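Summary of the model geometry
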Amino acid sequence: MAVTTKLTWKEERSLQKLLGNISLRLLYKSSVHGNNIQNMNNKCIGQGPTITMIYLPEYTFGIFILGHYPEMGKNFKEPNNSFFFSFRKNETMKMTTAFLNSTLKITSEELRFDFAEFWSLHILSRNKNICIPKFLEEELGLPSDLSCRYSECEVFRVEGIKDDAGYISRITEATQHRNSLLEDLRDYKPYADLVSEIRILLLGPVGSGKSSFFNSVKSIFQGRLSRQAIVGSDITSITEQYRIYSIKYGIDGESLPFKLCDSMGLGEKEGVGLCVDDIPHILKGCVPDRYQFSPHKPITPKHPAFITSPSLKDGIHCVAYVFDINSMDNLSFEMRAKLIQVQKEVLNHGVAQVALLTKVKNSNEVLENNFSKMSKSMISQSQIIIASELLGIPVSKIFVVENYASEQEMDPVKDILILSALKQMLRAADDFLEDLPLE
């Protein structure tokens, strides 16, 4: 009789994409092969890379091991090429870092990962219990009151994994770097507490990816793909309202001290897209959330929702010019003239400026191997040079990202590009605040 797995098609697809079009062969299922560690070990020893799945009521907890399962009673240590991950029902996969110098040991009663002197993860077959250390619960977004009794345990052999340690090392290193960026942004505080939150204005031509950038940022912080802001390629701009979006850390977490402000796209002709006369009022903080733009008529102090006495907190602290990287070579004379007009208003207000190039075709080629900086080949591309010369912005303040559009799973390398760009925007905003007059 064929043994079927509890792993869903969507979960299997997520793992296949992450590990490079691999296939999974079920080796062990506790309800079929006997719920004890010795049976598990007998089925899995010497099988090469494996994925162990622990099924809980609302979550599925997983462990990828690149090397062989160890023999009973022997230790196995391979910290750089293995990792934990979790699935929540109807949500995308959330993956944590590598084993953090953990040691895997199998005894007759338990599968145990020792991280440090006081941290261990135990999978006990006798009573179907799993004991997850608190730091790992936080990394994976698992609730602290999670039921520790599992319903099923399965182990799969990973077949066809590409590039072995090289590929897995890059994925785990990317995930570690991504998590480090998330922690930095979670702990961010605006310069000298001058304001309680930073506001970043996204400006750019219609269809450049402004709304998609917000959706991508929100997706990363929530650990699942979000489509809150409406996106499209309508030549008259999908975004018709001024939106001030907050970002929460986690689905039910606290709002972070920065907001992304989405505006109507810039049109080439007069009377199309965002009215340039609206921009000074946006920069000062006079335009309220959900204000309905009119390409022909800017907001005035007579508008009932006009904010007449905005504070420093209400204003814009950084402007991010957003462009489709594939259209930089073909910007029309009219659009260039419009951008120069817009930038003049931004410069008059002294607000920090950066540029964001979206829709890069291969995010894996943008960064150096250590993920800390843009590759030399990327920096020399004509699109980045054009953006720098057009806006007078140094290359160091031009960032390349690939937004989430139609994807079904998160990608740690994409996340790094997006989070790095956001981090640099906040640094630019801090520079703006630091440069303000003392009064």
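The coordinates are above.
Residues numbered from 1 in each chain as written. Predicted model: local features only at pLDDT ≥ 70, side-chain atom pairs only at ≥ 80, totals over all residues. Heavy atoms only, no water.

Each helix and strand counted, the chain has 11 helices and 18 strands in total. The buried share among the 439 residues of the chain stands at 54%. Of the contacts made within the chain by residues no fewer than 6 positions apart, 67% connect residues no fewer than 24 positions apart. (Helix = DSSP H or I, 4+ residues; strand = E, 2+ residues; numbered from the N terminus. Buried < 20%, exposed > 50% of the residue type's maximum accessible area, 1.4 Å probe, protein only. Contact = heavy atoms within 4.5 Å.)

Along the chain, R199 falls in strand β12 (residues 198–203). Side-chain polar atoms of R199 contact the backbone oxygen of D314, separated by 3.3 Å. (Polar contact = N/O pair within 3.5 Å; in protein donor to acceptor, adjacent residues only side chain to side chain.)

Looking now at helix α6 (residues 210–222). Its 13 residues place the ends of α6 19 Å apart at the C-alpha level, agreeing with the 18 Å of an ideal helix rising 1.5 Å per residue. Where α6 terminates, the next one or two residues include G223, which has phi positive at roughly 75°. (Expected span 1.5 Å × (residues − 1).)

As a further point, take a nonpolar patch on the surface. A contiguous nonpolar patch, built from Y191, L194 and L312 and spanning about 240 Å² of accessible area, is present on the exposed surface. Inspection of the secondary structure puts L194 in the loop between α5 (164–186) and β12. (Patch = residues over 30% accessible without salt bridge, like charges linked within 9 Å, V, L, I, M, F, W, Y side chains within 5 Å. Areas by Shrake-Rupley, 256 points an atom, 1.4 Å probe, with all protein chains shown as cover. Salt bridge = Lys/Arg side-chain N within 4 Å of Asp/Glu carboxyl O.)

Our next topic: helix α3 (residues 37–44). Buried within α3 we find I37, M40, N41 and C44. Looking down the long axis of α3, one finds its buried residues gathered within 95° of arc, a one-sided arrangement. For α3, the capping residue at the N-terminal end is N36, with a side-chain oxygen 3.2 Å from the backbone nitrogen of Q38. Just past α3, the residue G46 takes up positive phi, approximately 75°. (Arc of directions from axis to C-beta.)

Applying the stated criterion across every chain yields a total of 10 aromatic pairs. Aromatic side chains F85 and F87 sit 5.7 Å apart centroid to centroid with 75° between the ring planes, which places their arrangement in the edge-to-face category. The pair formed by F85 and F87 is uniform in burial state, with each residue classed as buried. Ring centres of Y291 and F293 lie 5.6 Å apart, and the angle between their planes is 85°; on these two criteria the pair is classed as edge-to-face. Residue classification places F293 among the buried residues on the basis of a relative accessible area of 6%. For the cation-ring pair, R186 lies above Y249, with the distance from its terminal atom to the ring centre recorded as 5.6 Å. (Phe/Tyr/Trp six-rings, centres within 6.5 Å; stacked < 30°, edge-to-face > 60°. Lys NZ or Arg CZ within 6 Å of the ring centre and 35° of its normal.)

Turning to the pattern of salt bridges, a few remarks are in order. The tally for this structure, following the rule as stated, stands at 12 salt bridges. We note a salt bridge from D415 to R178, for which the minimum N-O separation is 2.6 Å. Here R178 lies in helix α5 and D415 lies in helix α11 (residues 412–434), a separation of 237 residues in the sequence. Judged by its relative accessible area of 7%, R178 falls in the buried class.

Looking at where V272 falls in the secondary structure, it is placed in the loop between β14 (255–262) and α7 (279–284). The spatial distance from the C-alpha of V272 to the C-alpha of V206 is 9.9 Å, given a sequence separation of 66 residues. If we skip the residues at most four places from it in the chain, V272 touches G267, P295 and K338.

Moving on to the sheet that holds strand β18 (residues 398–400). Overall, mixed pairing links the seven strands, which are arranged β15-β13-β14-β12-β16-β17-β18 in an open sheet. In this open sheet, the two strands that pair with only one neighbour each are β15 (291–292) and β18. As paired elements, strand β13 (residues 241–248) and β14 share five bridges and run antiparallel to each other. The residue of β14 that forms the bridge with S246 is K259. (Pairing = 2+ DSSP bridges.)

Positive phi values are uncommon outside glycine, yet A192 reaches one of about 55°. Along the chain, A192 falls in the loop between α5 and β12.

Turning our attention to the nonpolar core. I200, F221 and Y242 are the most contacted members of the largest nonpolar core, which totals 89 residues. Sorting elements by how many residues they give to this core places α11 first, with 13 residues. Membership of the second largest hydrophobic core comes to 28 residues, among which are L27, F113, I123 and L140. (Core = buried A, V, L, I, M, F, W, Y, C linked by side-chain atoms within 4.5 Å.)

Turning our attention to the pairing of strand β16 (residues 318–324). Burial analysis of β16 places seven of its seven residues in the buried class, which makes it a mostly covered element. Residues C318, A320, V322 and D324 of β16 are buried on one face, and the alternating residues V319, Y321 and F323, pointing to the opposite face, are buried as well. Bridge count between β12 and β16: four bridges; the pairing is parallel. The partner of L201 across the bridge, within β16, is V319. The pairing of β16 with strand β17 (residues 352–358) spans seven bridges and is classified as parallel. Note that in β17 the partner of V319 across the bridge is Q353.

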